[in-house]
Amino acid sequence: METMHIPADQAGILKAAEALKTGLLVGVPTETVYGLAADALNPQAVRAIFQAKGRPADNPLIVHVLNKAQAEGLAVITPLAEMLMDAFWPGPLTLVVPRQKIVPDVVTAGLDTVALRAPSHPAMRKLLLESGLAIAAPSANRSGAPSPTTAEHVMNDLNGLIPLVLDGGPCEVGLESTVADAAGSIPVVLRPGAVTPEMIAAVAGECLVAQSAMRPLHEGEAAPSPGLRHRHYAPKAPLTLVKGPQDKVAARIRALYGAEERACVLVMEGRLSAYQGLKAFSLGQDMNQAAHRLFTLLRQADGAGCSRILAEALPEEGLGLALMNRLARAADFDIQIV
Ligand code: TXA
Ligand code: MG
């Protein structure tokens, strides 16, 4: 299959809307990462998403909607969910709520809840409007690879497997949305993202973070979010995270680097000076830039043939929590404490 890669302008969006309505898959830009979209109420189209991504069937998808009104047709909107929708939609917050029967089993992997998100990206909103559909879309990477934050990343992973990719430029946030369980009365963050637990608590009064968001599941432990069972965001090169006082971290990273043929270092801009003479990638000046760049840099490290990626741990506050969640998973929890 030839994959068309076209701009996300009015003509492109109309073409994508038609494709979705006939049950085809489309790579689409959102403010977080690129999604692999299909009509959420067409089980056959949704099955094709799992096939193109090589995604395990037990990992449910996020359904994208324009607004609360559309969400009401798909799920039970709890008072907590409504409060969070009013505060953060459209934007990078996905809410897990009890589903209605209309949502196919293949979307929710048989769960009695569904994950809903109203994206803010203007092209994605136009696509929702023009198609009139609820759009199921996981990140548009091959399963296990870092999420795509440009249309080129989508092409690299899915060229030949899907008919169409809409190019809306690089994604603003760069990390996947926050996933929060809003089925009960207290929000629980299952996957940290740009809407932080602090921001949610400021609206809802409190906010929990699932323990399994930041550590591997124990043998036999039930996953609050099925995605936590699978390895994620992984570059091809093994990644090691080093945590501790800065001078000790730099010494450990230099030692690990020296033992490798082609290692590279991944650190904040302000820390580059500790790694002079080493091949190093900068995550930028602040956490927003780091989020924006992380997945691109993981792909670049692979492209450059790095045999091992060595990264400094980041402070787990604000957006740092989401960054560390992705880094820890990319490292398969290989975290050295010095
Ligand atoms: O930013 C994003 O969320 C992007 C863009 C395209 O919207 N999408 C995305 O989808 O990251 P995906 O499939 O890569 O991640 C969805 C996560 C998975 O970890 C999945 O397990 C979880 O949401 N999830 C989906 N439905 C769920 C449910 N009913 N209960 C708990 N977790 C759920
Ligand atoms: Mg994903």
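Just so it is clear, the model here is predicted, and its values are computed rather than measured.

Undergrad: Explain the layout of surface pockets to me, and be specific about the residues and the numbers.
TA: If you roll a probe as big as a water molecule over the atoms, it shows you where there is empty space left. Roughly 750 Å³ of volume is contained in the largest pocket. Looking at the largest pocket, it is lined by 47 residues, and the ones nearest its centre are Arg55, Pro60, Ile62, Val179 and Arg191. Classifying every residue of the lining of the largest pocket by side-chain character gives 20 nonpolar, 19 polar and eight charged. As a volume, the second largest pocket reaches approximately 160 Å³. Elements with a contribution of two residues or more to the lining of the second largest pocket: helix H7 (151–158) and helix H10 (287–303).

Undergrad: Describe the sheet that holds strand E4 (residues 62–64), naming the residues involved and giving the relevant values.
TA: An order of E1-E8-E2-E3-E7-E4-E6-E5-E9-E10-E11 is seen for the 11 strands of this open sheet, with the pairing classed as mixed. In the strand order of this sheet, the two ends are held by strand E1 (4–7) and strand E11 (208–209), each with one partner. Examined bridge by bridge, E4 and strand E6 (residues 113–117) share three bridges and lie parallel to one another. What sits directly across from His64, in E6, is Arg117. Lying over the sheet, helix H1 (residues 10–21) contacts E1, strand E2 (26–28), strand E3 (35–39), strand E7 (135–136) and strand E8 (164–167), oriented at roughly 145° with respect to E8.

Undergrad: An account of the packing of H1 against helix H6 (residues 122–131) is requested, with residue identities and associated values reported.
TA: Two elements in contact, H1 and H6, have axes separated by 9 Å at closest approach and are oriented at 50°. Judged on the interaxial angle alone, H6 and H1 are oblique. For the crossing formed where H1 meets H6, the hand is right-handed. Residues Gln10, Ile13, Leu14, Ala16, Ala17, Leu20 and Lys21 of H1 pack against Ala123, Lys126, Leu127, Glu130 and Ser131 of H6. In the contact of H1 with H6, the residues fall into seven nonpolar, two polar and three charged.

Undergrad: Before we move on, could you go through helix H11 (residues 319–330) and cite the residues and values that matter?
TA: With 12 residues, H11 ought to run about 16 Å at 1.5 Å a step, and its terminal C-alpha atoms sit 17 Å apart, in line with that. Most of H11 is tucked away, with 12 of its 12 residues classed as buried. All of the buried residues in H11 are Leu319, Gly320, Leu321, Ala322, Leu323, Met324, Asn325, Arg326, Leu327, Ala328, Arg329 and Ala330. Asp332, located one to two residues past H11, shows a positive phi value of around 50°.

Undergrad: So what about the site of ligand 1? Which residues, and what values?
TA: Lining the immediate surroundings of ligand 1 are 27 residues, of which Thr32, Asn59, His64, Ser177 and Gly227 lie closest. Thr32 places a polar side-chain atom, nitrogen or oxygen, 2.6 Å from an oxygen atom of ligand 1. At a separation of 2.6 Å, an oxygen atom of ligand 1 approaches a polar side-chain atom of His64. Calculation on ligand 1 without its partners gives an accessible area of 680 Å², and the protein chains cover 96% of this total. For the shell around ligand 1, the secondary-structure elements that each account for two or more residues are E4, E6 and strand E10 (188–191). The residue inventory of the shell around ligand 1, partitioned by class, reads 14 nonpolar, nine polar and four charged.

Undergrad: Now, about the nonpolar core: what can you tell me, with residues and values included?
TA: In terms of nonpolar packing, the biggest core is built from 48 residues, with Val63, Trp89, Leu93, Leu95, Leu116 and Ile200 touching the most fellow members. Elements represented by at least two residues in this core include exactly E3, helix H2 (43–53), helix H4 (79–88), strand E5 (93–98), helix H5 (105–108), E6 and H7. If we skip the residues at most four places from it in the chain, Ile200 touches Leu84, Phe88, Leu93, Thr178, Ala180, Pro187, Val189, Val195, Gly205 and Cys207. Counting residues in each nonpolar core, the second largest holds 30 residues, with Leu241, Ala291, Leu297 and Leu319 among its members.

Undergrad: I'd like a description of the packing of H4 against helix H8 (residues 197–204), backed by residues and values.
TA: Packing of H4 against H8 leaves a shortest axis separation of 10 Å and a crossing angle of 115°. When the axes of H4 and H8 are compared, the crossing they make is right-handed. On the side of H4, the interface is formed by Leu80, Met83, Leu84, Ala87 and Phe88, while H8 contributes Met199, Ile200, Val203 and Ala204. Looking at the contact of H4 with H8, its residues break down into nine nonpolar, no polar and no charged.

Undergrad: Break down the domain arrangement of the protein chain for me, with residues and values.
TA: For the protein chain, the assigned domains are domain 1 (4–214) and domain 2 (239–337). For domain 1 versus domain 2, the separation of C-alpha centres amounts to 28 Å. Between domain 1 and domain 2, roughly 1,700 Å² of surface is buried when both sides are summed, and carbon and sulfur atoms account for 59% of that area. Of all residues in domain 1, the largest losses of buried area upon contact with domain 2 belong to Pro146, Leu175 and Met214, amounting jointly to 37% of the total for that side. Joining domain 1 to domain 2, the criterion identifies two salt bridges. One salt bridge connects Arg326 with Glu176, and the closest N-O pair in it is separated by 2.7 Å. Listing elements by their share of the side of domain 1 that touches domain 2, those giving two or more residues are H7 and H8. Ranked by residues supplied to the side of domain 1 that touches domain 2, first place goes to H7 with three residues.

Cut-offs and rules
Residues numbered from 1 in each chain as written. Chains lettered and ligands numbered in written order. Predicted model: local features only at pLDDT ≥ 70, side-chain atom pairs only at ≥ 80, totals over all residues. Heavy atoms only, no water. 1 Å grid on protein atoms, 1.4 Å probe; cavity = no way out; pocket = protein on both sides within 12 Å on 5 of 7 lines; lining within 4 Å. Points joined across faces, edges and corners; volume = space filled by probe spheres on them. Nonpolar A, V, L, I, M, F, W, Y, C, P; charged D, E, K, R; others polar. Helix = DSSP H or I, 4+ residues; strand = E, 2+ residues; numbered from the N terminus. Pairing = 2+ DSSP bridges. Contact = heavy atoms within 4.5 Å. Axes fitted to C-alpha atoms, helices over the stretch in contact; angles between N-to-C directions. Parallel < 35°, antiparallel > 145°, perpendicular 65-115°, else oblique. Left-handed = near helix turned anticlockwise from the far one by under 90°. Expected span 1.5 Å × (residues − 1). Buried < 20%, exposed > 50% of the residue type's maximum accessible area, 1.4 Å probe, protein only. Near = heavy atom within 4 Å. Polar contact = N/O pair within 3.5 Å; in protein donor to acceptor, adjacent residues only side chain to side chain. Areas by Shrake-Rupley, 256 points an atom, 1.4 Å probe, with all protein chains shown as cover. Core = buried A, V, L, I, M, F, W, Y, C linked by side-chain atoms within 4.5 Å. Domains from an automatic or database assignment. Buried area = accessible area lost by both parts, 1.4 Å probe. Salt bridge = Lys/Arg side-chain N within 4 Å of Asp/Glu carboxyl O.

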